[in-house]
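A look at the structure
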Amino acid sequence: MASIIEESAAFIMDSGPFIDVIPIILNYLDLKSLIHLAETCYFWKERIYTDVQLWPKVIELPYVGCMDNYVGEHNVLEDVIEAKLWSMVQPSDDPQALDKVLEKMASSKQSIKRFALVKKVLFKNFIHTDESLRLTALLFPSIEEISFEGNLLSIVGVRNIAISCGKLRYIEFYQCGNLDIESACHLFNTEEHKQNLERIFIYNRFRSKYAITFPTEDDLPFMEFCQRCGLYYNQLKNEKEKLCLYHPGIYSGYGHSCSSYDCCGSSTPRYPSTLGCQYIYHEKCSNKSLSTQRHFYELHDGHPEYMFQKYTDVKFPFRFTERRRLDKCYEKWNTKEHQQEE
Ligand SMILES: [Zn+2]
Ligand SMILES: [Zn+2]
């Protein structure tokens, strides 16, 4: 009986003058009001959840409390959170925390549909697993950036992203000990990724137990290694856009307090991760073995939130920063798992 009433109500509301008025009303509502309205009846739920244009293009996941106060010896946790330096805040005690958040978002067909146009998801201090990557691929097929970080994910999760998220512009592999980087990069060798990819950042330095191999021409023929900034860049885009961030000047000092670049005076956040101050075209690398050594000492030891923005655009709040150390989390997660087993 209830469904008949709802259906007839839907018929009346979606006809005549209402058809023109509804989009105008909906455009005035903020996210919270939209959700409240969607909860009132079947008609509004259907109307709002299927209209992907109504939903925000940037999704911010909730912040879950950190495990301890290790955010670099010079920094205060509250300041780090305020500055949104999520890569410095350790993930939740529960390694599956992100799976659970995304599972809720993917709880119904309607719920999944509404994120179809989301361009950016702020995962904050969550860490990806294969399951969270599967759900990310399902919920957010239009995202433009993804960071693969740590040892909880494998090639299975990366494959889900590579297949579903064809609009990716930025990819990061940060200390992915379980990944064969060559095979992972090979997954992005498709026509769609060729059109959209701008940069791939690969980093595995910190106490690396794993020998890292970088992608070759066979893996990603349209990407090249830049000898200036150490990123993999899309050759097709390089002729059109200046995307290489660097310092034209000379660095003097050894990383202590009076060291800086003479072009802009940048000494923040710290050597070697100081932000570049100018964009230029990427420069194709002539000798890869030399440059892979070199690029670790250039721009990229910092935070994805900041490190690809110009020095002048970012008022970096910290002088010394270190990205989080997941090895500490692994220890904690493993002990917890053992305790649960006992
Ligand atoms: Zn500079
Ligand atoms: Zn470059």
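Residues numbered from 1 in each chain as written. Chains lettered and ligands numbered in written order. Predicted model: local features only at pLDDT ≥ 70, side-chain atom pairs only at ≥ 80, totals over all residues.

In the nomenclature of an unreviewed UniProt entry, the chain corresponds to F-box domain-containing protein from the organism Rotaria sordida.

What follows concerns the overall build of the chain. Looking only at helices and strands, one finds 14 helices and eleven strands in the chain. Looking at the 342 residues of the chain, the share that counts as buried comes to 33%. Counting only contacts in the chain whose residues sit at least 6 apart along the sequence, the fraction spanning at least 24 positions is 72%. (Helix = DSSP H or I, 4+ residues; strand = E, 2+ residues; numbered from the N terminus. Buried ≥ 20, exposed ≤ 12 C-beta atoms within 10 Å, placed from the backbone. Contact = placed C-beta atoms within 7 Å.)

Once that is clear, we can look at the pairing of strand 5 (residues 199-203). Among the five residues in strand 5, four count as buried, and that is most of the element. Inspection of the sheet shows strand 4 (residues 170-174) paired to strand 5 by five bridges, in the parallel sense. Across the sheet, residue glutamate 172 finds its bridge partner in strand 5, namely phenylalanine 201. Pairing between strand 5 and strand 7 (residues 232-234): two bridges, direction antiparallel. If you follow isoleucine 200 over to strand 7, its bridge partner there is tyrosine 232. (Pairing = 2+ DSSP bridges.)

On to the sheet that holds strand 6 (residues 223-225). If you walk across this open sheet you meet the five strands as 3-4-5-7-6, and the pairing is mixed. One side of each edge strand has no neighbouring strand; the edge strands of this open sheet are strand 3 (145-149) and strand 6. The average undirected angle you get between the axes of adjacent strands in this sheet is 15°. The pairing of strand 3 with strand 4 spans five bridges and is parallel. Directly across from glutamate 145, in strand 4, lies its bridge partner tyrosine 170. (Axes fitted to C-alpha atoms, helices over the stretch in contact; angles between N-to-C directions.)

Along the chain, asparagine 189 turns up in the loop between helix 10 (181-186) and helix 11 (191-196). Sequence-distant contacts of asparagine 189, that is, excluding residues within four places in its chain, are made with Asp219, Leu220 and Pro221.

Judged by nonpolar contacts, the single largest core of 51 residues is most densely connected at Ile146, Phe148, Val158, Ile161, Phe173, Ile200 and Leu231. Leaving out residues up to four positions away in the same chain, leucine 231 has contacts with Arg199, Ile200, Phe201 and Cys226. Counting five residues, the second-largest nonpolar core is a separate cluster that includes Val80, Trp86, Met88 and Val89. (Core = buried A, V, L, I, M, F, W, Y, C linked by C-beta atoms within 7 Å.)

A few words now on the environment of isoleucine 161. Here isoleucine 161 is to be found in helix 9 (residues 155-164). Spatially, the C-alpha atom of isoleucine 161 lies 9.2 Å from that of phenylalanine 188, the residues being 27 residues apart in sequence. Not counting residues up to four positions away in its chain, the partners in contact with isoleucine 161 are Leu133, Thr136, Ala137 and Ile146.

Positioned with a positive phi, lysine 84 is a non-glycine residue whose angle comes to about 60°. In this fold, lysine 84 is placed in the loop between helix 5 (77-82) and helix 6 (97-105). Within the chain, lysine 124 stands out as a residue other than glycine whose phi angle is a positive 55°. Summarising the element assignment, lysine 124 is placed in the loop between strand 2 (120-122) and helix 8 (130-139).

Attention now goes to helix 9. Buried within helix 9 are the following residues: Gly157, Val158, Asn160, Ile161 and Ala162. Where the residues of helix 9 are buried, they touch helix 8, strand 3 and helix 10.

Further remarks concern the environment of proline 95. Position of proline 95 among the secondary structure elements: in the loop between helix 5 and helix 6. The exposure class of proline 95 is buried, given the 21 C-beta atoms found within 10 Å. It is 8.6 Å that separates the C-alpha atoms of proline 95 and histidine 128, two residues lying 33 residues apart in sequence. For proline 95, the contacting residues outside a window of four places in its chain are Thr129, Leu152 and Trp333.

Turning next to helix 8. Those residues of helix 8 that fall on the buried side of the exposure criterion are Ser132, Leu133, Leu135, Thr136, Ala137 and Leu139. In this fold, the buried residues of helix 8 make contact with helix 6, helix 7 (109-113) and helix 9.

Contact pair helix 3 (residues 31-38) / helix 4 (residues 42-49): the axes reach a minimum separation of 7 Å and the direction vectors enclose 140°. Between helix 3 and helix 4, the crossing angle belongs to the class labelled oblique. Here Leu34, Leu37 and Ala38 of helix 3 come into contact with helix 4, specifically with Trp44, Lys45, Ile48 and Tyr49. Counted by class, the contact of helix 3 with helix 4 contains six nonpolar, no polar and one charged residues. (Parallel < 35°, antiparallel > 145°, perpendicular 65-115°, else oblique. Nonpolar A, V, L, I, M, F, W, Y, C, P; charged D, E, K, R; others polar.)

Mean pLDDT over the chain stands at 82; residues scoring 70 or higher make up 80%. Low pLDDT, under 50, characterises residues 1-5; the predicted model gives this stretch zero contacts beyond four residues in sequence or across chains. (pLDDT = per-residue confidence, 0-100.)

With that settled, consider the packing of helix 8 against helix 9. In contact at an axis separation of 8 Å, helix 8 and helix 9 are set at 10° when each is read in the N-to-C sense. Here helix 8 lies roughly parallel to helix 9, going by the angle between them. For the pair formed by helix 8 and helix 9, the contact residues are Asp130, Leu133, Arg134, Thr136 and Ala137 on the first element and Val156, Gly157, Val158, Asn160, Ile161, Ile163 and Ser164 on the second. Taken together, the residues that form the contact of helix 8 with helix 9 break down as six nonpolar, four polar and two charged.

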